[in-house]
Amino acid sequence: QVQLVESGGGLVQAGDSLRLSCAASGRTFSSYGAGWFRQAPGKEREFVAAISWSGGNTYYGDSVKGRFTISRDNAKNTVYLQMNSLKPEDTAVYYCAANYRTVSTDKEKYSYWGQGTQVTVSS
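Anyway, here's the lowdown on the structure attached to this text. Remember, predicted model here, so these are calculated numbers, not experimental data.

Remarks on the nonpolar core
Counting residues in each nonpolar core, the largest one holds 29 residues, and the members touching the most others are Leu4, Phe29, Trp36, Leu81, Met83 and Tyr94. Among the elements of the structure, strand S1 (2-7), strand S3 (18-26), strand S4 (32-39), strand S5 (46-51), strand S7 (68-73), strand S8 (78-83), strand S9 (92-100) and strand S11 (117-122) are those that each provide at least two residues to this core. Discounting chain neighbours no more than four positions away, the residues touching methionine 83 are Asp16, Ser17, Leu18, Leu20, Arg67, Phe68, Tyr94 and Val119. Listed in part, the 5 residues of the second largest apolar core include Phe37, Ala50, Ala97 and Tyr110.

As for the side chain of serine 31
With respect to the helices, strands and loops of the structure, serine 31 is situated in the loop between S3 and S4. Here serine 31 is in contact with Trp53, Asn99, Tyr100 and Arg101, once residues within four sequence places are set aside.

Here's the deal with the pattern of salt bridges
Throughout the structure, instances matching the rule amount to 4 salt bridges. The residue lysine 65 makes a salt bridge to aspartate 62 at a minimum N-O spacing of 3.3 Å. Arginine 67 serves as the salt-bridge partner of aspartate 90, at 2.8 Å between the closest nitrogen and oxygen. Linking aspartate 90 in the loop between S8 and S9 with arginine 67 in the loop between strand S6 (58-60) and S7, this pair joins segments that are 23 residues apart in sequence. Both residues of the pair, aspartate 90 and arginine 67, belong to the buried class. Connected via shared salt-bridge partners are Arg38, Glu46, Arg67 and Asp90.

Regarding the sheet that holds S1
Read from one edge of the open sheet, 4 strands run S1-S3-S8-S7, paired in antiparallel fashion. Two strands lie at the open edges of the sheet, namely S1 and S7, each paired on one side alone. Strand-to-strand twist of the sheet, defined as the mean angle between neighbouring strand axes without regard to direction, takes the value 15 degrees. Examined bridge by bridge, S3 and S8 share 6 bridges and lie antiparallel to one another. Bridged to alanine 23 within S8 is threonine 78.

Some words on the state of the cysteines
Scanning the model with the defined rule gives 1 disulfide in all. A sulfur-sulfur distance of 2.1 Å marks the disulfide that ties cysteine 22 to cysteine 96. Of note, the bridge from cysteine 22 to cysteine 96 carries an S-S torsion of about -80 degrees and is left-handed in sense. Residue cysteine 22 is found in strand S3, and its partner cysteine 96 is found in strand S9; the two are separated by 74 residues along the sequence. Cysteine 22 gets classed as buried once you look at its relative accessible area, which sits at 0%.

With respect to the packing of aromatic side chains
Under the counting rule described, the total for this entry stands at 7 aromatic pairs. Relative to tryptophan 113, the ring of phenylalanine 37 has its centre 5.2 Å away and its plane inclined at 55 degrees; by these criteria the two rings are tilted. Residue phenylalanine 37 is found in strand S4, and its partner tryptophan 113 is found in strand S10 (residues 112-113); the two are separated by 76 residues along the sequence. Residue classification places phenylalanine 37 among the buried residues on the basis of a relative accessible area of 1%. Residues tyrosine 110 and tryptophan 113 carry aromatic rings whose centres are separated by 6.4 Å and whose planes lie at 75 degrees to one another, so their mutual orientation is edge-to-face. For tryptophan 113, a relative accessible area of 28% puts it in the partly exposed group. By way of ring pairs, the aromatic residues Phe29, Tyr32, Tyr100 and Tyr112 are connected into one cluster. Here the guanidinium or amino end of arginine 45 rests over the ring plane of tryptophan 113, the centre of that ring lying 4.9 Å away.

What counts and what doesn't
- Residues numbered from 1 in each chain as written.
- Predicted model: local features only at pLDDT ≥ 70, side-chain atom pairs only at ≥ 80, totals over all residues.
- Heavy atoms only, no water.
- Core = buried A, V, L, I, M, F, W, Y, C linked by side-chain atoms within 4.5 Å.
- Buried < 20%, exposed > 50% of the residue type's maximum accessible area, 1.4 Å probe, protein only.
- Helix = DSSP H or I, 4+ residues; strand = E, 2+ residues; numbered from the N terminus.
- Contact = heavy atoms within 4.5 Å.
- Salt bridge = Lys/Arg side-chain N within 4 Å of Asp/Glu carboxyl O.
- Pairing = 2+ DSSP bridges.
- Axes fitted to C-alpha atoms, helices over the stretch in contact; angles between N-to-C directions.
- Disulfide = S-S within 2.5 Å.
- Phe/Tyr/Trp six-rings, centres within 6.5 Å; stacked < 30°, edge-to-face > 60°.
- Lys NZ or Arg CZ within 6 Å of the ring centre and 35° of its normal.

Now the structure itself:
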């Protein structure tokens, strides 16, 4: 079992930056790929970014490419999402997800999820 806890969300203005953190506990997190997804009210959960267990491979959704950066520190069992140049359309609950030796843009491929953290971007 892996437990994931997100933090770092909040209310910001358009153009601002935020860094989300996803702290993992339980199994050896360095063997788990991880991803960030987001869900706005009335919309489906959307892929944002993913990172392989070593951190050597990263993937991004089209809407965040060039603005968001995913990274991880396996010594701290933590995955990060640096979000720059935030837009009102980035407003959503952001979820961290993980699975053993899996990195995917498909939310169905992840077995473990955090509770989510709210990001609100005002115009």
